[in-house]
Number of protein chains: 2
Amino acid sequence: MFKDITPLLLDGRALDRTIALLADYATGREIDFVVAAEARGFVLGGALAARIGAGFIPARKPGKLPAATASVDYALEYGVDALEMHSDALEGGARVLVHDDLLATGGTARAVCELVEAAGAQVHGCAFVIELGFLPGRRQLSSYDVHSLITYDGG
Amino acid sequence: MFKDITPLLLDGRALDRTIALLADYATGREIDFVVAAEARGFVLGGALAARIGAGFIPARKPGKLPAATASVDYALEYGVDALEMHSDALEGGARVLVHDDLLATGGTARAVCELVEAAGAQVHGCAFVIELGFLPGRRQLSSYDVHSLITYDGG
């Protein structure tokens, strides 16, 4: 099952409302930075950061960031992938919101959380638009507070 | 020379101000959609669309979009690349703002403009954060109105 948010992005009012709902979740968490993985997490991640007055930090595929990076490997359904973040992007103690459009198996989001914690910062929530509730994403992120705007339970 | 906007994104106030300046450029152009290429164009492209009440359309590398796509090939410094957009994303006559973080040789932005026009829509401006003025990006986009927040003239 492929859930795709591009039809939602097409509608300016739906786009704005989605960012507002994600920002509602961030309220009271005193978020310093939103961190999101390329590429789909960037679309709402940058907008969410701006909406809540936070900075935005991209987690990217290897070799895409120009300065020194920290890296984490993570398992895919078939094989292994890696994400990188600028080493100096986060200071110890910074409060981070991890975002992606879709929570499926949770591998990508968990890798982002690991990058954040390896930098000495703290994950104060994970915010998704869509969660596939029949996949183990939420279990992969059981150490964190997880919020999804929409959950599909059908398999 | 590699110009990188990730330090700017880190600063919530600078991020917000950058989106506001891009939105200022869009004012009066009655933009229906912002179209941006993956991955870096997504960070501010989504935020810009939300800020001006427009929809957002991603232009992606081949094979990344789930529905039927239109495609365009474009030259890189060494080789060829391609971008795809959902075929049904744009209707004829829609007014589009093309965005990317960086205007260098202009190949990517021009490919995005070609996708937009192939769909029967119109490019009503191209907005960048950084322009490398010693490269032919602006010449590549001479059919369009081009706006950059910062121009570097040094080579």
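This text goes with the structure placed above it.
Since this is a predicted model, take the numbers as computed values, not measurements. (Residues numbered from 1 in each chain as written. Chains lettered and ligands numbered in written order. Predicted model: local features only at pLDDT ≥ 70, side-chain atom pairs only at ≥ 80, totals over all residues. Heavy atoms only, no water.)

Here we take up helix α2 (residues 12–26) of chain A. Residue and element names in this part refer to chain A. Relative to the 21 Å expected for 15 residues at 1.5 Å per residue, α2 spans 21 Å between its end C-alpha atoms, a close match to the ideal helical length. Residues G12, L15, T18, I19, A20, L22, A23, Y25 and A26 constitute the buried set of α2. Of the residues that open α2, the one with a side-chain oxygen 2.9 Å from the backbone nitrogen of R13 is D11. (Helix = DSSP H or I, 4+ residues; strand = E, 2+ residues; numbered from the N terminus. Expected span 1.5 Å × (residues − 1). Buried < 20%, exposed > 50% of the residue type's maximum accessible area, 1.4 Å probe, protein only. Polar contact = N/O pair within 3.5 Å; in protein donor to acceptor, adjacent residues only side chain to side chain.)

On to the packing of aromatic side chains. This structure, assessed with the given rule, holds 2 aromatic pairs over all chains. Taking the centre distance of 5.8 Å and the plane angle of 85 degrees together, the rings of F42 of chain B and F56 of chain B count as edge-to-face. Taken together, the positions of F42 of chain B in helix α3 (residues 40–52) and F56 of chain B in strand β2 (residues 55–59) put the pair 14 residues apart, joining distant regions of the chain. A residue is classified by how much of its surface remains accessible, and F56 of chain B, at 0% relative accessible area, is buried. Above the face of the Y152 of chain A ring, K3 of chain A is positioned so that its terminal group lies 3.7 Å from the ring centre. (Phe/Tyr/Trp six-rings, centres within 6.5 Å; stacked < 30°, edge-to-face > 60°. Lys NZ or Arg CZ within 6 Å of the ring centre and 35° of its normal.)

Right, let's talk about the relation of the copies chain A and chain B for a bit. Of the two same-sequence chains, chain A is brought onto chain B (RMSD 0.0 Å, axial shift 0.0 Å) by a rotation of 180 degrees. Such a combination of turn and shift is consistent with a two-fold rotation axis. Ranked by how close their C-alpha atoms come to the rotation axis, the residues of chain A are headed by A47 of chain A, at 2.0 Å. Take the interface residues of chain A: 100% of them recur as interface residues in chain B, which is what a same-surface contact looks like. (Least-squares fit on C-alpha atoms with pLDDT ≥ 70 in both. Contact = heavy atoms within 4.5 Å.)

A separate point is the interface of chain A and chain B. On the chain B side, the residues contacting the 32 residues of chain A number 32 residues. At the boundary of chain A with chain B, total buried surface from both sides reaches about 2,200 Å², with 70% on carbon and sulfur atoms. Here chain A and chain B share 0 salt bridges between them. Counting the contacts that link chain A with chain B gives 4 residue pairs in polar contact (both at pLDDT 80 or more). No other element matches the 8 residues that helix α3 (residues 40–52) of chain A contributes to the side of chain A that touches chain B. (Buried area = accessible area lost by both parts, 1.4 Å probe. Salt bridge = Lys/Arg side-chain N within 4 Å of Asp/Glu carboxyl O.)

Now for the environment of A68 of chain B. Residue and element names in this part refer to chain B. When you line up the elements, A68 lands in the loop between β2 and β3 (69–76). According to the relative accessible area criterion, A68 is exposed, its value standing at 54%. In the structure, A68 is positioned 56 residues away from H124 in sequence and 25 Å away in space, judged by C-alpha atoms. Each residue touching A68, except ones within four places of it in the same chain, is listed here: M85, H86 and S87.

Residues and elements named next belong to chain B. Taking strand neighbours across the sheet as the criterion, the 5 strands line up as β2-β1-β5-β6-β7 in an open arrangement whose pairing is parallel. Both outer strands of the open sheet, β2 and β7 (146–152), are each paired with one neighbouring strand and no more. Taking each pair of neighbouring strands and ignoring which way they run, the sheet shows an average axis angle of 20 degrees. Summarising the sheet, strand β5 (residues 95–103) and strand β6 (residues 122–132) pair through 7 bridges and their orientation is parallel. Each bridged residue has a counterpart across the sheet, and for V98 the counterpart in β6 is C126. The sheet contacts of helix α2 (residues 12–26) involve β5, β6 and β7, and relative to β6 the element is tilted by about 145 degrees. (Pairing = 2+ DSSP bridges. Axes fitted to C-alpha atoms, helices over the stretch in contact; angles between N-to-C directions.)

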